[in-house]
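So you can see what is in the structure, the chains are spelled out below.
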Amino acid sequence: MSSLSQRPEQAIVGLPLPHESAALHVTGEALYTDDLVVRTRDVLHAWPVQSPHAHARIVDLRVKPAYDVPGVVRVLTADDVPGVNDAGVKHDEPLFPSEAMFHGHAICWVLGETLEAARLGGAAVEVEYEELPSLVTVREAIAAGNFQGTGRHLESGDVEAALAAAPHVFEGEFEFAGQEHFYLETHASLALVDEAGQIFVQSSTQHPSETQEIVAHVLGVASHAVTVQCLRMGGAFGGKEMQPHGFAAIAALGATLTGRPVRLRLNRTQDITMSGKRHGFHSEWRAGFDDEGHLVALDATLTADGGWSLDLSEPVLARAMCHIENSYWIPNVRVDGRIAKTNKTSQTAFRGFGGPQGMLVVEDLLGRCAPLLGYDAMELRRRNLYQSQHSTPYGMPVRHAERLEACWSEVLSAGDVERRKVEIERFNAAHPFTKRALAMTPVKFGISFNLTAFNQAGALVHVYKDGSVLINHGGTEMGQGLHTKMLQVAATTLGVPLARVRLAPTRTDKVPNTSATAASSGADLNGAAIKNACEQIRERLEQVAGGKLGISPRDVRFVGGVVQGLTFGGGKMYWEELVSAAYMQRVQLWAAGFYRTEGLHWDANAMRGEPFKYFAYGVAAAEVEVDGFTGAYTLRRVDIVHDVGDSLSPLIDIGQIEGGFVQGAGWLTLEDLRWDESDGPHRGRLATQAASTYKLPSFSEMPEVFNVHLLEKAHEDGAVYGSKAVGEPPLMLAFSVREALRQAAAAFGPPGTSVDLASPATPEAVYWALDSARKSGQPDHDGENASAADSVVSPAELTGV
């Protein structure tokens, strides 16, 4: 067992503690970026002037009328930028564009004494546009050959030979939608400049260091002249990894030019129409199966809808390609990936970061093919699960693959799945207008950033003379409980009660050059860095304690704020006494910690290597009931077993699993983004701009029975205190809901019926699927029943599934 993963017997990690800010959240006392405005004097408010066209050249921009509006102080345009007029790391996102690239694109910003003055000033700005042709859908971009970034190719084995030899070959096409983050707190920044010209930006950002970098290059200053702080976020889900930078830069630019603090906070409609979303994908595939139901070959093309600029589309695509096989062993795989350029918001990171989009392809494929092969979908999935000797298509060994089987078996047992399947068959036979179904799906998700350089973290730990401890780390808190886990890690490593440890807000002048809190790696990276800093301090204190207690420093133990020898039979002293003694001996009581994930290597061009530290595993079983008249459905029960290693904080982890699952179910069944695809005056406008038109999961969509268990005996060697990441993997457990809906829809038809199911599987989509299933059992023009089972074909043919 590695020193990083080894856990002391009496540890604070592993205890089921509530979120460190839970009481503040529920009482409304927790402060967020925009709450700081009322504590700041003479604040100006920013308002955007947005394009009414999906694609248009800006012929003339007249800002003078805005100055006639009382309360307008400044209109920010490209002429005001002292540095680089760009808000993206790829240099393809002009902060003040000369060409509007999507409906809602901010052309300029108005600063006012009040938000209303800024709004009226924005309405007074006159913009003359020359409309240009636009591409709104990914299919339009594919037809036009309009792509951006670098395409990727991933291949292992001999796909063509395997398909030629396979007794069962199918092909299909599948397009599925993106997802709006809909965090409770919209994008917000508050910037001010001090007397020395130091720029301080409060930002709701997952990546303070990159926000700092973008603000610096927009202002034409060095990074040391900019400090970014993230107090906490009211949700982010990936939407605040790249997107906050431009908003922070606008606030900082305004503060620099006016000498007054500037607040920029988007309202909900602005946030939805201006910020990126989960990438929708288009996929085409061919798949080959042997007579035992094993997937022997997969050939796929994935096209991500990137929107108007690259943002994080390239790594999102790469992860989608690396996760296309999900938890299944496919010996021959070929995947081509490309990024469509469309006139939409620039799509960005979202919980799962492309992994869900890649996995959805194979889960849809298996769900469609299972009845055509004559297999129960649950059995087809189980027989294709990875085994311990297997490697991924990109050459990484699937370590601990036996945990997939362990999770699967535990769900079967604890969820009483076999008995319930029999009950469902009886129910369906007795109810012609209502059907139930139960589906099980697995998850295998790689943990680490695709870009190896991002897999590093720093921390700063202070021990004060009175024995109290203050920790700083580079991770940000967005409600996921990272700070709670970090407090537990510090208390465990120092051997002090949790009450002795406090955590400071994330700031770039405390811990520099940090990576985004993303890729589910926040606890892994920052926890290891905190542990490293605490161990440095503890080693110094061991020397002092050894001298005081008359024992070898190697025999000193710190437990619950008491310091004593290994045998616990000798003398002892309290933590506070030891810290005081160390100070008097001029021993350093603070340390900077650092951690870098070892063992990673990745060739992005060849798409080969070992890009992940480990895989997180999980299995979910979902039972649904569908109404045959409307397609409306109820999620009756969910059973989940998920692998989080040795949990750092079980209560936090179970909450993350529940929340991730529900968010995934929202993406797959409810959340339907709609853009105006017509040729009318509102082409490219996002029609679903509010909670009134964009359906989010709520309590009514929660399963009546929701059982979540953490996989036991799942220690992960080489990770902080034997834990595993939990943020993203559970979202993909929601595939079980969509597959249960597919099976319930198929139950309205004859045995062997295979149905296509749109994503999101809204009640309307479910209705059209079940209606198709019903019709498949009706006589065709030859007087025979048309069954989807007739679609099984020889290897010389291909069929649409």
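Residues numbered from 1 in each chain as written. Predicted model: local features only at pLDDT ≥ 70, side-chain atom pairs only at ≥ 80, totals over all residues. Heavy atoms only, no water.

K.L.:
Help me out: how do you make sense of the overall build of the protein chain in this one?
P.N.:
The helix and strand tally for the protein chain stands at 19 helices and 29 strands. At 28 Å, the protein chain has a C-alpha radius of gyration in line with the 28 Å of a compact globule built from 801 residues. Taken along its principal axes, the extent of the C-alpha atoms in the protein chain is 95 × 80 × 45 Å. Taken across its 801 residues, the protein chain has 61% of its residues classed as buried. Across the protein chain, every contact between residues at least 6 apart in sequence was considered, and the portion connecting residues at least 24 apart equals 81%. When the accessible surface of the protein chain is split by element, carbon and sulfur atoms take 52% of a total near 29600 Å². (Helix = DSSP H or I, 4+ residues; strand = E, 2+ residues; numbered from the N terminus. Rg over C-alpha atoms; globule rule 2.2 N^0.38 Å. Buried < 20%, exposed > 50% of the residue type's maximum accessible area, 1.4 Å probe, protein only. Contact = heavy atoms within 4.5 Å. Areas by Shrake-Rupley, 256 points an atom, 1.4 Å probe, with all protein chains shown as cover.)

K.L.:
Got a minute to help me understand the confidence of the model for the protein chain in this structure?
P.N.:
Detailed reading of predicted coordinates is not advised where the pLDDT is low. Of all residues in the protein chain, 97% attain a pLDDT of 70 or more, and the chain-wide mean is 95. pLDDT under 50 marks residues 781-801. Its contacts with residues more than four places away, or in other chains, come to 52 contacts. (pLDDT = per-residue confidence, 0-100.)

K.L.:
How should I be thinking about helix α17 (residues 650-669) in this particular structure?
P.N.:
Every α-helical turn comprises 3.6 residues, leaving residues that sit three or four positions apart pointing alike. End to end, α17 covers 28 Å across 20 residues, agreeing with the expected 28 Å (1.5 Å per residue, within 8%). Burial of α17 is extensive: 15 of the 20 residues sit out of reach of the surface. (Expected span 1.5 Å × (residues − 1).)

K.L.:
Please clarify how empty space enclosed by the protein should be interpreted in this entry.
P.N.:
Empty space among the atoms becomes apparent when a probe as large as a water molecule is rolled across them. Counting across every chain of the model gives four cavities of 30 Å³ or more. The space that makes up the largest cavity amounts to roughly 340 Å³. Around the largest cavity sit 18 residues that line it, and Ala87, Glu93, Gly246, Phe247 and Trp308 are the ones nearest its centre. Reported here for the second largest cavity is a volume of approximately 90 Å³. In terms of lining, the second largest cavity is formed by 14 residues, of which the most central are Asp524, Tyr595, Thr597, Lys613 and Tyr614. (1 Å grid on protein atoms, 1.4 Å probe; cavity = no way out; pocket = protein on both sides within 12 Å on 5 of 7 lines; lining within 4 Å. Points joined across faces, edges and corners; volume = space filled by probe spheres on them.)

K.L.:
For this particular structure, what's the right way to read unusual backbone geometry?
P.N.:
With glycine set apart, most residues show a phi of negative sign, and most peptide bonds adopt trans. The step from Ser759 to Pro760 runs through a cis peptide bond, and the omega angle for that step is 10 degrees. Relative to the helices and strands, Pro760 resides in the loop between α18 (735-746) and α19 (763-776). A positive phi is found at Asn326, a non-glycine position, where the angle reads about 50 degrees. Considering the arrangement of structural elements, one finds Asn326 in the loop between α9 (313-322) and β15 (332-340).

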